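Here are the chains, one letter per residue:
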Amino acid sequence: MQIKLQNFTKRFGDTTVIEDMSLSIASGEMIALLGPSGCGKSTTLFAISGIHRIDGGSLHFGDRDVTTLPPQDRPVGVVFQNYALYPHMSVAENIGFPLRVQKLNTAEIKRRVGEMAELVQIGNLLKRRPQQLSGGQQQRVALARALVRKPDVLLLDEPLANLDAKLRLEMRSEIRRLQRETGITAILVTHDQIEAMSMCDRIALMRDGQIEQISTPSEMYERPASHYVAGFLGNPPISFLKAEANGKLMLGAENSLPMPQGVDASGPITLGIRPEHFGPQHQGPTVTGRVSFIEPQGREDLIDVTLPDNQRLRAIVPAGHDFALGQDVNWQVDLSRTHLFNAEGNRL
Amino acid sequence: MNTSIKGNWILILALTLFSAPLVIMYGFQLIDSVSRPAPGGIIPQEWELTNWRFLWEPIDSARPSIWRVTFNTFVFASTTALLVCAFSITAAYALSRLNFPARRFFLAGLIMLHAFPTITLIIAIFIVLQFLGLYDSLMGVILVKAALELPFGIWIMKGFYDSVPWEIEMAGVQDGASRFRVWWELILPQVKPGLSALLIFSFLAGWSEFILPLVLAPGADAQVLATYMNAVIADDTRPDYGLFKAIGMFYALPVIAIYLLFQKRLMNIYGGGTKG
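These figures come from a predicted structure and were not determined experimentally.

Chemist: What is the right way to read the overall build of chain A from this model?
Modeler: When helices and strands are tallied, chain A shows 8 helices and 20 strands. Projecting the C-alpha coordinates of chain A onto the three principal axes gives extents of approximately 80 × 45 × 35 Å. Across the 348 residues of chain A, 51% fall into the buried class. Of the contacts formed within chain A by residues at least 6 apart in sequence, a portion of 65% connects residues at least 24 apart. Carbon and sulfur atoms make up 46% of the accessible area of chain A, which amounts to about 15500 Å² in all. Here chain A carries 37 positive and 39 negative side-chain charges, and the mean point of each set is 9 Å from the other.

Below, the structure is given as structure tokens:
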């Protein structure tokens, strides 16, 4: 089911949280709303679910206008961060609740609950209470309850935030598998870039109630539309250098880089270099500096290089090198992979 | 076990000393109700059940039977408890979850009413009851008692509602249930511990109420155990302390039984919230 949010505005009292936001999601697509806390991603999610009223704009599921529909009537399943299972009901009763509300007969409910439980692989837990389940199992119950009504849209609000690291990995692929198998249109709200990149077809990166960039994970990583996007994605994060463009990129008095191809700029700009595109193992023009920090990570080391004008570059260097703190180095920059931003922070 | 008793003997001694007067009082209440002490003494001389005669024969012709009075007390306490619970679970839900005009005002008013010395209202209440034709009826006292207990009940239940996660409610609505159904089927079960504690609590409050029935329903038809006892002891022609103690014992037995049975649930009211 295609989702179309147009000129969406949301206010809480006198504060406008989201103004004039538009978002279109293709049928069967899984999209991430990514951003720091307070950027409006959960607000957007709950506006789509119907829990928050929409103060301006419209929302369509396919051809159907659902802008003013109450949450009960929207074909939407939601998985909450704390799962929101009903503590006094068994797993089967939890999953069956939406069907009971629809007044289906007992046999039909039992059949569909069983089907759904098999799909999320908790068929053997149907008699348990939520508090007798592990975090991952609770998550599966929540998914089953959200999907049992066969909704057109699945909304996931930080579904992995309460899980430990190992379960998070497992549930990441599990949620994606379910979404693919059911072919449901899904929206994932998260502040975790790895979750967004690994689970979703597209990412909408939000900032202060606006979508800063919306594109596929690799596109967003390779060609960030702004300084903000480049800084948000990537771990370890990208290094930004202030530079002066005058035919070349001047980095202080000692260092300079040639202008990347196809870029035309002059005056002060910001140069973004990801750690994996700087180091002794690359091809390209060089930058001189001094090793100021080494953080061993096993397979590779993170090394900070401080340039003569006190700006810092971070490099990922394969383990087994013999660089030491305080050593002067002259390392290569993979120029074609660098990002240039103008004074307003937009990509050049 | 041994070491802990040894280690804490000072504490145990202090507790024994402080609780001794209470224990002695309750002990003699029981002993005196089934025995006759020597005149001026406290040692029981003779065991007998004559003090409990009120159970099977009228103690004097002017008074209603004890069973009638007990029935009244039971009706008074349980109706009060049911009324308090019915209004508390709905009003507290509204205060905890719904956004309505003057919500803050109602909350503040609730705390104030809770702390209000209700006895100062007795004359106003008397006039209101008189006007409504409910003076000297059990129904009138029940309404007044329930109204006065409500602020406490609402406040307690609001605390329990506040600790139920919002997401459960949102999930219920998203699953297609109406707000009422969500409240009844999903939220109310989460506050059950509070509800049962409140039910017992307000029953006991009704059971032991004295002033309201005394002032607002002085007639024989609406008498409850507290006023009945008062009448027995106030009978200045022939004060019978043995009888008084036996009735007191009879009056206290349900309370003791309820405390023994429901201790854990009553503790809930101060714990608040659901676990798991």
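Chemist: Explain the packing of aromatic side chains to me, please; I cannot follow it from the model alone.
Modeler: Within a pair of aromatic rings, the relevant descriptors are the distance that separates the centres and the angle that separates the planes. Within the structure shown, the criterion is met by 20 aromatic pairs over all chains. Relative to Tyr161(B), the ring of Tyr93(B) lies with its centre 5.4 Å away and its plane at 75°, an arrangement referred to as edge-to-face. Taken as a pair, Tyr93(B) in helix α3 (residues 66-97) and Tyr161(B) in helix α6 (residues 138-162) lie far apart in primary sequence, 68 residues in all. Tyr93(B) gets classed as buried once you look at its relative accessible area, which sits at 8%. Judged by relative accessible area, Tyr161(B) falls into the buried class, the value being 0%. An aromatic cluster of at least three residues, connected via ring pairs, comprises Tyr93(B), Tyr161(B), Phe180(B), Trp183(B) and Trp184(B). The lysine or arginine in question, Arg274(A), covers the ring of Tyr221(A), its NZ or CZ lying 3.9 Å from the ring centre.

Chemist: Looking at this structure, I do not really get the pairing of strand β13 (residues 255-258) of chain A. What am I missing?
Modeler: A regular strand places its side chains so that they alternate between the two faces of the sheet. Residues and elements named next belong to chain A. The side-chain alternation of β13 yields one buried face, formed by Asn-255 and Leu-257, and one unburied face, formed by Ser-256 and Pro-258. Sheet analysis places strand β12 (residues 248-251) next to β13, joined by 4 bridges and oriented antiparallel. Residue Met-250 lies in a different strand from β13, and its bridge partner there is Ser-256. Connecting β12 to the next strand, β13, in antiparallel fashion are 3 residues, including Gly-252 with a positive phi near 70°.

Chemist: Would you explain the interface of chain A and chain B in this entry?
Modeler: Many analyses report the size of an interface as the accessible area lost when the parts associate. Taken together, the contacts link 22 residues of chain A with 19 residues of chain B. Roughly 1800 Å² is buried in total at the junction of chain A and chain B, and carbon and sulfur atoms are behind 59% of that figure. The interface formed by chain A and chain B includes 2 salt bridges. Note that Arg100(A) is salt-bridged to Glu185(B), the shortest N-O span being 2.8 Å. On the surface where chain A and chain B come into contact, there are 10 residue pairs in polar contact (both at pLDDT 80 or more).

Chemist: Got a minute to help me understand the domain arrangement of chain B in this structure?
Modeler: Residues and elements named next belong to chain B. Entries for chain B in the domain assignment read domain 1 (6-48) and domain 2 (60-273). For domain 1 versus domain 2, the separation of C-alpha centres amounts to 32 Å. In this complex, domain 1 contributes 4 residues to the contact, which on the side of domain 2 involves 5 residues. On the domain 1 side of the contact with domain 2, Gln-29, Asp-32 and Ser-33 bury the most area, a combined 79% of that side's loss. Put simply, Lys-245 and Asp-32 hold a salt bridge, and the shortest N to O gap is 2.6 Å.

Chemist: Could you clarify how one ought to interpret the nonpolar core in this entry?
Modeler: Soluble globular proteins tend to pack their nonpolar side chains together in the buried interior. The biggest cluster of nonpolar side chains holds 61 residues, and the ones touching the most others in it are Leu23(A), Leu59(A), Phe61(A), Leu155(A), Ile187(A), Tyr161(B) and Ile187(B). With 8 residues, α6(B) is the single largest residue contributor to this core. If near-sequence neighbours (up to four positions away) are discounted, Leu23(A) is found in contact with Ile3(A), Lys4(A), Leu5(A), Ile31(A), Leu33(A), Ala204(A), Ile211(A) and Ile214(A). Judged by nonpolar contacts, the second largest core, of 46 residues, contains Leu143(A), Leu156(A), Leu160(A) and Met171(A).

Chemist: It is not clear to me how the packing of α3(B) against helix α9 (residues 192-207) of chain B should be interpreted in this structure. Could you clarify?
Modeler: Residue and element names in this part refer to chain B. Two elements in contact, α3 and α9, have axes separated by 8 Å at closest approach and are oriented at 140°. With respect to α9, the element α3 is oriented oblique. As for the relative orientation of α3 and α9, their crossing is right-handed in sense. Of the residues in α9, those in contact with Thr-70, Thr-73, Phe-74, Phe-76, Ala-77, Ser-78, Ala-81, Leu-82, Val-84, Cys-85, Ser-88 and Ile-89 of α3 are Leu-195, Leu-198, Leu-199, Ser-202, Phe-203, Gly-206 and Trp-207.

Chemist: Is there a simple way to think about the packing of α3(B) against helix α8 (residues 179-187) of chain B in this case?
Modeler: A pair of packed helices can be characterised by two numbers: the angle between their axes and the separation between those axes. All names here are of chain B. Contact geometry for α3 and α8: axes closest at 13 Å, N-to-C directions at 110°. The angle between α3 and α8 places the two elements in the roughly perpendicular class. Listed contacts from α8 to Ile-89, Thr-90, Tyr-93 and Arg-97 of α3 are Arg-179, Trp-183 and Ile-187.

Chemist: Would you explain the domain arrangement of chain A in this entry?
Modeler: Residue and element names in this part refer to chain A. When the domains of chain A are assigned, the result is domain 1 (3-229) and domain 2 (236-341). Averaged C-alpha coordinates put domain 1 and domain 2 at centres separated by 40 Å. On the domain 2 side, the residues contacting the 5 residues of domain 1 number 7 residues. With both chains or domains summed, domain 1 and domain 2 bury close to 620 Å², and 53% of this area falls on carbon and sulfur atoms. Of all residues in domain 1, the largest losses of buried area upon contact with domain 2 belong to Tyr-221, Glu-222 and His-227, amounting jointly to 76% of the total for that side. Here domain 1 is connected to domain 2 by 1 salt bridge. Glu-222 is the partner of Arg-337 in a salt bridge, and the nearest nitrogen-oxygen pair spans 3.7 Å.

Chemist: I'm lost on the sheet that holds strand β7 (residues 153-157) of chain A in this one. Help?
Modeler: Backbone hydrogen bonds hold the strands of a sheet together, and the pairing may be parallel or antiparallel. Residues and elements named next belong to chain A. The strand order β6-β7-β8-β3-β9-β10 describes an open sheet built from 6 strands, whose pairing is mixed. One side of each edge strand has no neighbouring strand; the edge strands of this open sheet are β6 (76-79) and β10 (210-215). The average undirected angle you get between the axes of adjacent strands in this sheet is 20°. For strand β9 (residues 202-207) and β10, the ladder comprises 5 bridges, and the chain directions are antiparallel. Counterpart to Arg-207 in the pairing with β10 is Gln-210. Its contacts with the sheet put helix α1 (residues 41-49) on β3 (30-34), β6, β7, β8 (185-190) and β9, and the angle it makes with β7 is roughly 150°.

What counts, and at which threshold
One numbering rule holds for all chains: residues counted from 1, following each sequence as written. Here every chain gets a letter starting at A, and every ligand a number starting at 1, in the order they are written. Under the rules for a predicted model, residues below a pLDDT of 70 receive no local features and side-chain atom pairs below 80 are neither given nor counted, while totals for whole chains, interfaces and linings still include all residues. Hydrogens and water molecules were not included; the side-chain quantities draw on all heavy atoms of the structure. The way it works is that DSSP assigns letters per residue, a run of H or I at least four long becomes a helix, a run of E at least two long becomes a strand, and they are numbered from the N terminus. Per-residue accessibility, obtained with a 1.4 Å probe over protein chains only, is compared with the maximum for each type, and a residue is labelled buried under 20%, exposed over 50%, and partly exposed between these values. The contact definition used throughout considers only heavy atoms, calling two residues in contact when any of these lie within 4.5 Å. Where accessible areas are quoted, they stem from the Shrake-Rupley method and a 1.4 Å probe; at the residue level, only the protein chains shown are allowed to cover. When charges are counted, neither His nor the chain ends are considered; positive counts come from Lys and Arg and negative counts from Asp and Glu. For this purpose, a charge sits on NZ of Lys, CZ of Arg, CG of Asp or CD of Glu. Centre distance within 6.5 Å is the pairing criterion for rings of Phe, Tyr and Trp, where only the six-membered ring of Trp is used; planes under 30 degrees apart are then read as stacked, over 60 as edge-to-face, and the remainder as tilted. Whether a charge lies above a ring is judged from NZ of Lys or CZ of Arg, which has to be within 6 Å of the ring centre and within 35 degrees of the ring normal. Pairing between two strands requires that DSSP report at least two bridges joining them. Note on definitions: buried area is the accessible-area loss of two parts on being combined, 1.4 Å probe, summed for both. Take a side-chain nitrogen of Lys or Arg and a carboxyl oxygen of Asp or Glu: if they are within 4 Å of each other, that pair is a salt bridge. Two N or O atoms count as a polar contact when they lie within 3.5 Å, although within protein this holds only if one can serve as hydrogen donor and the other as acceptor, and sequence-adjacent residues are included solely when both atoms are side-chain atoms. Domain start and stop points were drawn from an automatic or database domain assignment. The definition of a nonpolar core used throughout is a set of buried Ala, Val, Leu, Ile, Met, Phe, Trp, Tyr and Cys residues joined through side-chain atoms within 4.5 Å. A fitted line through C-alpha atoms represents every axis, and for helices the fit uses only the stretch in contact; the resulting angles, taken between N-to-C directions, go from 0 to 180 degrees. Roughly parallel here means an angle under 35 degrees, roughly antiparallel means over 145, roughly perpendicular means 65 to 115, and every remaining angle is called oblique. Throughout, a crossing is termed right-handed when the near helix is turned clockwise from the far one, and left-handed when it is turned anticlockwise from it by less than a right angle.

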